[in-house]
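What follows is the residue order along each chain.
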Amino acid sequence: MTENSIKNIKRILIANRGEIAIRAIRAIRELGGESIAIYSEADINSLHKDLADVSICVGKSPANQSYLNIPSILSAIEVSYADAVYPGYGFLAENPHFASICEKSNVKFIGPKSETIRLTGDKAAARKAAEEAGVPIIPGSPPVENLKDALEIASDIGYPVLIKAAAGGGGRGMRVVHNEQELTRLLPVAQREAEANFSDPRVYIEKFIKNPKHIEIQILADEYGNVIYLGDRECSIQRRHQKLIEESPSPFITDKVRKKMGEAAVRFAKHVGFTGAGTVEFIVDEDMNFYFIEMNGRIQVEHPVTEMVTGIDIVSWQIRIADGQKLTLKQDDIKQKGHAIEFRINAEDPDSFTPNPGKIEKLYLPGGFGVRVDTHIYQGYTIPPYYDSLIAKIIVYGRDRKEAVIRAKRALNELIVEGVKTTRDFHLKILDDPEFLSGKYTTQLVDRKYLGITE
């Protein structure tokens, strides 16, 4: 077996679609494995279906009848004789029930163990684990039982506070509260939203950090206790807690703080017994104090910026770790060189962010030195209305941030998509924004300046 090959898991079913499915197909092929794609009826003309070695239809167009249909996916695993499942991000990537079924079926789930997914997916439990691991956490509470407890906790912490869903993510079930009256009104709203989105009404309360930066640390952990971090990513360009642009390294934090954050992420990963590729996310205040938010036990949409500045194929390592291989990388081997920025190109109106599915009548993708495009679209492709609106990721690399910004403008201006609206023009606005160019921007920039939302 060569270093860049796999021997224990050869047939890998990709339980996903779109650009991340294609990303997995490429890594599997380079490792000498066989890729098995699943697709819905809406994705019969999808590129990931055609690029895989084998493809199997798992259901109708809605995600709950296909990409979230566990019995149908298990049937696809069985008929294809798959050794392993690559979940990507979204859909079943952080579903402990699905991971547990794979484990019991002797099919390797390419990710952490089901009990680890369950722990890190519960924000309240993950917060407690972070505290146990000596990782800084925002002052806050365990899940609140009732309004009386919530009022007492908020009074002790001091307003403003944040109500957060215990099982949440993506900003759902989250509310900023400035006083008792708002807490009384918004607590049941947050609980209902948490129940609707996560089938879990539990919420907890934590101190609201004003003008925060959202910075995350990418880690790799093998099954033998070896854990390393691959530097940081700045993810503060967000719309209502949804990331739009990411860059590596962060233009804000110092190398000293970066090292402390990386070491904290490694401590947390070891404490929870994490294996695979994961991300520990932090809020960083104006004084560079950092606080644990959550851990995502899967590949991130923004993983390419880390790959660009480190030269490490994260998806390949995910699969190699699941194959039972030891990390050959040491922490001293990891260096962030240059600067990378990723732009999420969504099929959305660039002013309102309203989804805009439809047929791509004309397409030209940018290229040239220092430009990478991860996508599943092509000219003539019809974007279905059933799934996430992400259609491409444009990643640029420069010797420094200034060069990366110049290259980004060139690449985005080369992008031509006709037939549907995209967020390209929004990204070009951000590249001319003085706050963004300063590197001191916060998670409030887009909501405050472009959407008129104060919090």
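Scroll up a little and you will see the structure.
Being a predicted model, the structure only gives us computed values, none of them experimental. (Residues numbered from 1 in each chain as written. Predicted model: local features only at pLDDT ≥ 70, side-chain atom pairs only at ≥ 80, totals over all residues. Heavy atoms only, no water.)

Novice: How would you sum up the overall build of the protein chain? Please name residues and give values.
Specialist: In terms of helices and strands, the protein chain carries 15 helices and 20 strands. Principal-axis analysis of the C-alpha atoms places the extent of the protein chain at approximately 60 × 50 × 45 Å. Carbon and sulfur atoms make up 48% of the accessible area of the protein chain, which totals about 18600 Å². Averaged over its 59 positive side-chain charges, the protein chain has a centre that lies 2 Å from the centre of its 63 negative ones. (Helix = DSSP H or I, 4+ residues; strand = E, 2+ residues; numbered from the N terminus. Areas by Shrake-Rupley, 256 points an atom, 1.4 Å probe, with all protein chains shown as cover. Lys, Arg positive; Asp, Glu negative; His and termini not counted. Charge placed at Lys NZ, Arg CZ, Asp CG, Glu CD.)

Novice: Residues and numbers for the packing of helix α12 (residues 401–414) against helix α13 (residues 424–431), please.
Specialist: At a closest axis distance of 10 Å, the pairing of α12 and α13 adopts a crossing angle of 155 degrees. For the element pair α12 / α13, the angle class is roughly antiparallel. Here the hand of the crossing between α12 and α13 comes out left-handed. Each of Val405, Ala408, Lys409, Leu412 and Asn413 in α12 lies in contact with α13, whose residues at this interface are Arg424, His427, Leu428 and Leu431. Partitioning the contact of α12 with α13 into residue classes produces 5 nonpolar, 2 polar and 2 charged. (Axes fitted to C-alpha atoms, helices over the stretch in contact; angles between N-to-C directions. Parallel < 35°, antiparallel > 145°, perpendicular 65-115°, else oblique. Left-handed = near helix turned anticlockwise from the far one by under 90°. Contact = heavy atoms within 4.5 Å. Nonpolar A, V, L, I, M, F, W, Y, C, P; charged D, E, K, R; others polar.)

Novice: Tell me about the layout of surface pockets, and name the residues and values.
Specialist: Quantified by volume, the second largest pocket comes out at close to 300 Å³. In terms of lining residues, the second largest pocket is bounded by Tyr229, Leu230, Gly231, Asp255, Arg258, Lys259, Gln331, Asp332, Ile334, Lys335 and Gln336. Looking at the lining of the second largest pocket residue by residue, the class counts come to 3 nonpolar, 3 polar and 5 charged. (1 Å grid on protein atoms, 1.4 Å probe; cavity = no way out; pocket = protein on both sides within 12 Å on 5 of 7 lines; lining within 4 Å. Points joined across faces, edges and corners; volume = space filled by probe spheres on them.)

Novice: Mind laying out the environment of Val280, listing which residues take part and the relevant values?
Specialist: Within the secondary structure, Val280 is located in strand β12 (residues 276–284). Along the sequence, Val280 and Glu216 sit 64 residues apart, while their C-alpha atoms lie 5.6 Å from each other. Discounting chain neighbours no more than four positions away, the residues touching Val280 are Ile215, Glu216, Ile217, Ala265, Phe268, Phe292, Glu294 and Met295.

Novice: How would you summarise the packing of aromatic side chains if you had to cite specific residues and measurements?
Specialist: Under the criterion given, the structure shown has 11 aromatic pairs. A ring pair is formed by Phe353 and Phe426, whose centres lie 5.2 Å apart and whose planes are at 75 degrees; its orientation type is edge-to-face. With Phe353 in the loop between β14 (339–346) and β15 (358–359) and Phe426 in helix α13, this pair connects stretches of sequence that are 73 residues apart. In this pair, the class of Phe353 matches that of Phe426, namely buried. Between the aromatic rings of Tyr386 and Tyr387, the centroid separation amounts to 6.0 Å while the plane-to-plane angle is 55 degrees, which identifies the pairing as tilted. (Phe/Tyr/Trp six-rings, centres within 6.5 Å; stacked < 30°, edge-to-face > 60°. Buried < 20%, exposed > 50% of the residue type's maximum accessible area, 1.4 Å probe, protein only.)

Novice: Tell me about the side chain of Arg233, and please be specific about residues and values.
Specialist: Following the sequence through the fold, Arg233 ends up in strand β10 (residues 227–239). A polar atom in the side chain of Arg233 sits 2.7 Å from the side chain of Glu216. Polar contacts involving the side chain of Arg233 include one to the side chain of Thr306, which spans 2.8 Å. Each residue touching Arg233, except ones within four places of it in the same chain, is listed here: His214, Ile215, Glu216, Gln218, Glu247, Ser248, Thr279, Gln300, Glu302, His303, Val305 and Thr306. (Polar contact = N/O pair within 3.5 Å; in protein donor to acceptor, adjacent residues only side chain to side chain.)

Novice: Describe the sheet that holds strand β11 (residues 242–248), listing the residues and the values that go with them.
Specialist: Judged by pairing direction, the sheet is antiparallel, and its 8 strands sit side by side in the order β13-β12-β9-β10-β11-β14-β19-β17 without closing on themselves. Both outer strands of the open sheet, β13 (290–296) and β17 (371–375), are each paired with one neighbouring strand and no more. Sheet twist, expressed as the average angle between the axes of neighbouring strands with direction ignored, equals 25 degrees. Bridge count between β17 and strand β19 (residues 390–398): 5 bridges; the pairing is antiparallel. When the sheet's bridge partners are listed, Val371 is paired in β19 with Val396. With respect to the sheet, α13 is in contact with β10, β11 and β14, its orientation differing from that of β14 by roughly 145 degrees. (Pairing = 2+ DSSP bridges.)

Novice: Describe helix α1 (residues 18–30), naming the residues involved and giving the relevant values.
Specialist: Spanning 13 residues, α1 covers 19 Å between terminal C-alpha atoms, matching the ideal 18 Å at 1.5 Å per step. Judged by how many residues are buried, α1 sits mostly within the fold: 10 of 13 residues are covered. Considered for burial, the residues of α1 that qualify are Gly18, Glu19, Ile20, Ala21, Ile22, Arg23, Ala24, Ile25, Ala27 and Ile28. Among the residues trailing α1, Gly32 stands out with phi positive, at a value near 85 degrees. (Expected span 1.5 Å × (residues − 1).)

Novice: I'd like a rundown of the environment of Arg298, residues and numbers included.
Specialist: Among the secondary structure elements, Arg298 is positioned in the loop between β13 and α10 (303–310). Judged by its relative accessible area of 16%, Arg298 falls in the buried class. Note: C-alpha distance between Arg298 and Asp43 (255 residues apart in sequence) is 23 Å. Sequence-distant contacts of Arg298, defined by excluding residues within four places in its chain, comprise Gly88, Tyr89, Gly90, Ala93, Glu94, Ala277, Gly278 and Gln318. Here Glu94 takes part through its side chain, which lies 2.8 Å from a polar atom of the side chain of Arg298.

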